[in-house]
Amino acid sequence: MPSLRAVRSAFAVATACAVLALPAMAQTTKPPAAKTQGSAAAAPGGERIAAVVNDEVISYSDVNARIRLALLNTGTQESQETRQRLTPQVIRQLVDERLQLQEAKRSGVSISQNEIDEAIKRIAEQNRISRPQLETMLKNQGIPVSTLSEQVRALLAWQRVMSRRVRQEVVIGEEEVEAAMERLKANIGKPEYLLAEIFLAVDTPDQEDEVRRTADRLLEEVRRGGNFPALARQFSQSAGAASGGDLGWVRTGEMSAEIDRALATMRPGQLSSPVRTATGYHILLVRGQRPFGSTGGEMQAAPPPPPRPQPRPDIARASVNMKQIVMPIASKEDAKSVKDAAEKLRKTIKSCTDFEAKAKATGVPESGDMGTLRVKDLPPGLQQLAVGIPLGQPSPVLLSPAAAVILIVCKRDVPMIQPPPEAQPAPPPPAPTPVKEAKLPGREEVEHDLMNERADLLARRYLRDLRRSAFIEVRV
């Protein structure tokens, strides 16, 4: 059985670290029975519910942890604007993973803890760190290790479900291989492109506007300097998502007419606007170009563009409304117990109102509302915390010899300093490359490519059907 791009392996999980987040979702049909709805009325521990998938819930904590994982994976700077852009895709990712796990359970597929541990070990190895170091890195970013474990579980389970279906349903006939070989011969000398993409599927007409907005947001993220391969691993639905959106060398006529038209106007290093095809939106990145059938002298793939300067907070004009909880430390011996108590209290805080009530309950006069503060008047160590911490979420415990302090920002006005516009000259046209001896793929490679295409289409349709038949309610 050939390896399939559409069926992602545990090694693909290891290289991706976080994969498969999708665009924001339209609610689907099939409401559950009254008993099912009642069982999903509250998330475990009384947390707020972000979404309901059949009889399971996704909590706000699940969403926030996955957003932090996405930011870590893509190397994107955290800000309120970035979190807002990522939230719809992250929720769709979590919904799809619940659907995949539910389908795996119905199919009798289970993933052992050993398999999950092995995949996470490979993630650490790919990042040249140990498993404990990986866990420490996640915890330092406020990401529970279980967030990564559950994502890995869903990926491995879906891989196994799809492997079964591909074996049962995908058959490539000899006549199909022959026809593909003839098309290859007819394309000798025509351009082929070293291509990467971010693909977002449009499953139903009512998703059209939302998916287009998602594509525009991702395109803007890349143009701002975002890492294209990392964003593709995180958000693309194409078969090449696990490898950073890489599709390899793509020939004219191999993909849709809409993509062919877009590629005909592009040069190596260029990024396309979202291209609408019959299945969804594609953001294309041309990494190289050459005539099909050449065995040497291929055009050099363009290096990735340098990161664009990012807007930065204007500390001099920024202001915040901040509250604090102060827990005094009477002696050095008390420092650890006070810090532990502060950590325990911090984990119970859900909102600014909750914070204020707990601050009042401490009985410490310094605890409570600090009013509206100019960020430039804060100590340098607190300035970045004041402009960067998510609104309504408590800060980490700040420790000094005299007290343990928890802060929260409830309102914020932070003007941004925009970077100066930069001239972006068009890249020079690539030098023509002579076609040398034509070298076509062999029959086995052609059959593998046809199998990959069929498996990719099957996987997308399978997940689309699961969404359509499920009860899904998004409450964000």
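Bear in mind that the values here come from a model prediction, so they are computed numbers and not experimental data.

1. Looking at the packing of helix α4 (residues 80-106) against helix α7 (residues 145-169)
Running from amino to carboxyl end, α4 crosses α7 at an angle of 50°, the nearest separation of the two axes being 9 Å. As judged from the angle between their axes, α4 and α7 are oblique. Crossing of α4 over α7 shows left-handed handedness. Residues Gln93, Glu97, Gln100, Leu101, Glu103 and Ala104 of α4 lie in contact with α7, whose contacting residues are Glu150, Gln151, Arg153, Ala154, Ala157, Trp158 and Val161. Per-class residue counts for the contact of α4 with α7 are six nonpolar, three polar and four charged.

2. Quick notes on the packing of aromatic side chains
Evaluated as defined, the whole model comprises one aromatic pair. With 5.1 Å between their ring centres and 40° between their planes, Trp158 and Tyr462 make a pair best called tilted. Here Trp158 is found in helix α7, whereas its partner Tyr462 is found in helix α15 (residues 443-469), with 304 residues between them in sequence. Accessibility classification places Trp158 together with Tyr462 in one group, the buried group. A cation sits over an aromatic face here: Arg165 above Tyr462, 3.9 Å from the ring centre.

3. Regarding the sheet that holds strand β1 (residues 49-53)
If you trace the three strands from one edge of the open sheet to the other, you get β2-β1-β13, paired in antiparallel fashion. With one partner strand each, in any of the chains shown, β2 (56-59) and β13 (472-474) form the two edges of the open sheet. Strand-to-strand twist in this sheet, taken as the mean axis angle between neighbours without regard to direction, amounts to 20°. Sheet analysis places β1 next to β13, joined by three bridges and oriented antiparallel. Pairing of Val53 across the sheet is with Ile472, part of β13. Its contacts with the sheet put helix α3 (residues 60-74) on β1 and β2, and the angle it makes with β2 is roughly 55°.

4. Description of the environment of Ala264
Tracing the chain through its elements places Ala264 in helix α11 (residues 257-264). On a C-alpha basis, the gap between Ala264 and Thr252 in space is 8.8 Å, while along the polypeptide they are twelve residues apart.

5. Focus: the nonpolar core
With 36 residues, the main nonpolar core has Leu134, Leu148, Val152, Trp158, Met162, Val166 and Val446 as its most contacted residues. Per-element tally for this core: the top contributor is α15, with nine residues. Of all hydrophobic cores here, the second largest spans 32 residues; its members include Ile58, Leu86, Val90 and Leu231.

6. Observations concerning the environment of Ser146
With respect to the secondary-structure elements, Ser146 resides in helix α7. Residue classification places Ser146 among the partly exposed positions, given a relative accessible area of 46%. For the pair Ser146 and Glu135, spaced eleven residues apart in sequence, the C-alpha to C-alpha distance is 9.9 Å.

7. Some thoughts on the sheet that holds strand β8 (residues 319-328)
Strand order in the open sheet formed by four strands is β9-β8-β11-β10, and the pairing between neighbours is antiparallel. The sheet is open, and its two borders are formed by β9 (368-374) and β10 (398-399), each paired with just one other strand. Against the sheet, helix α12 (residues 335-347) engages β8, β10 and β11 (403-413), with an angle of about 135° to β8. Sitting on the sheet, helix α14 (residues 380-388) touches β8, β10 and β11, and the angle it makes with β11 is about 50°.

Cut-offs applied
- Throughout this description, residue numbers start from 1 for each chain and increase along the sequence as written.
- Two thresholds apply to this predicted model, a pLDDT of at least 70 for residue-level local features and 80 or more for giving and counting side-chain atom pairs, whereas whole-chain, interface and lining totals are computed over all residues.
- As a rule here, side-chain values come from all non-hydrogen atoms in the structure, and water together with hydrogens is ignored.
- Axis definition: a line fit to C-alpha positions, over the contact stretch in the case of helices; interaxial angles, taken between N-to-C directions, run 0 to 180 degrees.
- Under the DSSP-based scheme used, a helix requires at least four consecutive residues in state H or I and a strand at least two consecutive residues in state E, with every element numbered from the N terminus.
- Here roughly perpendicular refers to angles of 65 to 115 degrees, roughly parallel to angles under 35, roughly antiparallel to angles over 145, and oblique to all remaining angles.
- Note: crossing handedness is left-handed where the near helix turns anticlockwise from the far helix by less than a right angle, and right-handed where it turns clockwise.
- We call two residues in contact when some of their heavy atoms are within 4.5 Å.
- Amino acid classes used here: Ala, Val, Leu, Ile, Met, Phe, Trp, Tyr, Cys and Pro are nonpolar; Asp, Glu, Lys and Arg are charged; the rest, including Gly, are polar.
- Aromatic pairing here means that ring centres of Phe, Tyr or Trp (its six-membered ring) are within 6.5 Å. Orientation follows from the plane angle: under 30 degrees is stacked, over 60 is edge-to-face, and everything else is tilted.
- Burial classification: accessible surface area is computed with a 1.4 Å probe over protein chains only, and a residue below 20% of its type maximum counts as buried, one above 50% as exposed, and the rest as partly exposed.
- Think of it as a cone above the ring: NZ of Lys or CZ of Arg counts as a charge over the ring if it is within 6 Å of the ring centre and within 35 degrees of the ring normal.
- Strands are treated as partners if at least two bridges between them are detected by DSSP.
- In this text, buried Ala, Val, Leu, Ile, Met, Phe, Trp, Tyr and Cys residues form a nonpolar core when linked through side-chain atoms within 4.5 Å.

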